[in-house]
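Letter by letter, the chains look like this.
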Amino acid sequence: MIEAKIRKVGNSAVMTLNAEMLALLDAKEGDTLYAVRTDDGGLKLMTENPELQAALAAAEVVMDENRDLLQALA
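The numbering scheme is per chain: residues are counted from 1 as the chain's sequence reads. Since the coordinates come from a predicted model, pLDDT governs what is reported: local features require at least 70, and pairs of side-chain atoms require 80 or more to be given and counted, while whole-chain, interface and lining totals use all residues. With hydrogens and water stripped out, all remaining heavy atoms of the structure feed into the side-chain values.

As recorded in an unreviewed UniProt entry, the protein chain goes by the name Transcriptional regulator/antitoxin MazE, listed as coming from Pseudosulfitobacter pseudonitzschiae.

Trainee: Can you walk me through the overall build of the protein chain in this structure?
Mentor: Numbering of helices and strands starts at the N terminus; helices are DSSP runs of H or I of at least 4 residues and strands are runs of E of at least 2. Helix and strand counts for the protein chain come out as three helices and four strands. Helices and strands in the protein chain line up, N terminus first, as β-β-α-β-β-α-α. As a reference, a globule follows 2.2 Å times the number of residues to the power 0.38, and the radius of gyration itself is taken over C-alpha atoms. On C-alpha atoms alone, the protein chain measures out to a radius of gyration of 19 Å, which is more than a quarter above the 11 Å that the 2.2 N^0.38 rule sets for 74 residues. Burial status follows relative accessibility: with a 1.4 Å probe on protein chains alone, a residue under 20% of its type maximum counts as buried, one over 50% as exposed, and anything between as partly exposed. Here the protein chain, with 74 residues, has 5% of them falling under the buried criterion. Working definition of accessibility: Shrake-Rupley area with a 1.4 Å probe, residue cover restricted to the visible protein chains. Total accessible area on the protein chain is roughly 6500 Å²; 55% of this is exposed by carbon and sulfur atoms. Measuring between centres, the 7 positive side-chain charges of the protein chain sit 12 Å from its 13 negative side-chain charges. Neither His nor the chain ends is counted toward charge; the positive residues are Lys and Arg and the negative residues Asp and Glu. Think of each charge as sitting on NZ of Lys, CZ of Arg, CG of Asp or CD of Glu.

Trainee: Where do I start with the pairing of strand β4 (residues 43–46) in this structure?
Mentor: It is a general feature of regular strands that their side chains alternate between the two faces of the sheet. At least two bridges found by DSSP between two strands are what make those strands a pair. Taken together, the four bridges between strand β3 (residues 34–37) and β4 define a ladder with antiparallel strand orientation. Looking at β4, one finds that Y34 is bridged to M46. Linking β3 back to β4 in an antiparallel pair, the connection comprises five residues, with G41 at a positive phi of about 90°.

Trainee: Can you help me understand the pattern of salt bridges in this one?
Mentor: Note that side chains of opposite charge can pair when their charged atoms are close. The salt bridge definition used is simple: a Lys or Arg side-chain nitrogen within 4 Å of an Asp or Glu carboxyl oxygen. Enumeration over the complete set of coordinates arrives at three salt bridges. The closest approach of N and O atoms between E3 and K5, which form a salt bridge, is 3.9 Å. Between K28 and D31 there is a salt bridge whose closest N-O contact spans 3.1 Å. Overall, the relative accessible area of 34% leaves D31 in the partly exposed class.

Trainee: Would you explain the pairing of strand β2 (residues 12–15) in this entry?
Mentor: With four bridges connecting them, strand β1 (residues 6–9) and β2 associate as antiparallel partners. Residue pairing for β2: I6 is matched across the bridge by M15. Between β1 and β2, which pair antiparallel in sequence order, lie two residues; one of them, G10, sits at a positive phi of approximately 65°.

Trainee: Would you mind showing me how to read the environment of V36 here?
Mentor: You can see V36 is positioned in strand β3. Under the relative-accessibility criterion, V36 is labelled partly exposed at 29%.

In structure tokens form, the structure reads like this:
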């Protein structure tokens, strides 16, 4: 378990990510993190946009289903 404190900066609340947390996330300064609420009420931090990943997965299904048509159009 890694502990982080929340502090006030201007009108915002900020949580500092230490080197260990960044390494676990495979993230670096300047990266964007996405927080998603889990079914058990927790938060999951991710470096990839979950909505984009879902859209790409759906597009992959459509392309697989229509591979022959797409190749004919290419």
